[in-house]
Amino acid sequence: MAKKADKNIVASLLDLPEFEPETAAVELPRLGIVLELQELPYDKLKIISREQDPDIHLILASVVNHPEMRQEAWYHDKKGCATPVDALKKLLRKGEVTKVTRIIDLLNGYGAGSVVPLEREKAAVDAAVEYLEKN
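Residues numbered from 1 in each chain as written. Predicted model: local features only at pLDDT ≥ 70, side-chain atom pairs only at ≥ 80, totals over all residues. Heavy atoms only, no water.

1. Let's talk about the packing of helix H3 (residues 54-62) against helix H6 (residues 94-107)
Where H3 contacts H6, the two axes come as close as 10 Å, and the packing angle between them is 60°. Between H3 and H6, the crossing angle belongs to the class labelled oblique. Between H3 and H6 the crossing geometry is left-handed. Every residue of H6 that contacts H3 at Asp55, Ile56, Leu58, Ile59 and Ser62 is listed here: Val97, Val100, Thr101, Ile104 and Asp105. (Axes fitted to C-alpha atoms, helices over the stretch in contact; angles between N-to-C directions. Helix = DSSP H or I, 4+ residues; strand = E, 2+ residues; numbered from the N terminus. Parallel < 35°, antiparallel > 145°, perpendicular 65-115°, else oblique. Left-handed = near helix turned anticlockwise from the far one by under 90°. Contact = heavy atoms within 4.5 Å.)

Below, the structure is given as structure tokens:
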């Protein structure tokens, strides 16, 4: 009986749909750009968390609409930096990094409302972000 239950569990896991990453957009008005962000697989998140400057690495890995951020012509020639991480650290302000990483965290299922939508908490976070952006 247990073997049949195990086979049913395995079969149901095999029937799960393929990973389709969620996406979100975040605007950086000071720079006049919109970053399209994509959810990352767990193993990639673990690798990024071990990097120096993990927030910047997280942003670089999640942005899908600005591939030039990873190209030497942008970070070395245009920004005068040795790596894309250095160029992004030079370009973004701390509050912008915090805002973008907060959105990425929500995409990846970390934070208020990630499993069960908690509109009140999400609204509070959005209000706090808006307040900080204005001040």
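2. Focus: the packing of H3 against helix H5 (residues 84-91)
Viewed as axis vectors pointing N to C, H3 and H5 meet at an angle of 105°, and their least axial separation amounts to 10 Å. Of the possible angle classes, the one that applies to H3 and H5 is roughly perpendicular. Where H3 abuts H5, its residues Ile56, His57, Ile59 and Leu60 lie against Pro84, Val85, Leu88 and Lys89. Residues that form the contact of H3 with H5 fall into these classes: 6 nonpolar, 1 polar and 1 charged. (Nonpolar A, V, L, I, M, F, W, Y, C, P; charged D, E, K, R; others polar.)

3. Comments concerning the side chain of His66
Position of His66 relative to the elements: it lies in the loop between H3 and helix H4 (72-78). In this structure the side chain of His66 is engaged in a polar contact, spanning 3.4 Å, whose partner is the backbone oxygen of Val34. In this structure the side chain of His66 is engaged in a polar contact, spanning 2.7 Å, whose partner is the side chain of Glu68. Setting aside residues no more than four positions away along its own chain, His66 makes contact with Ile33, Val34 and Leu35. (Polar contact = N/O pair within 3.5 Å; in protein donor to acceptor, adjacent residues only side chain to side chain.)

4. Overview of H5
Among the residues of H5, Pro84, Val85, Ala87 and Leu88 are the ones counted as buried. On an axial view of H5, the arc spanned by its buried residues comes to 160°, and they lie on one face. Contacts from the buried residues of H5 go to H3 and H4. (Buried < 20%, exposed > 50% of the residue type's maximum accessible area, 1.4 Å probe, protein only. Arc of directions from axis to C-beta.)

5. Considerations on the pairing of strand E2 (residues 33-38)
As paired elements, strand E1 (residues 23-28) and E2 share 6 bridges and run antiparallel to each other. Bridge pairing in E2 links Glu27 to Val34. Counting the residues that bridge the hairpin from E1 to E2 gives 4 residues, and of these Gly32 lies at a positive phi of roughly 70°. (Pairing = 2+ DSSP bridges.)

Geometry only, nothing functional implied.
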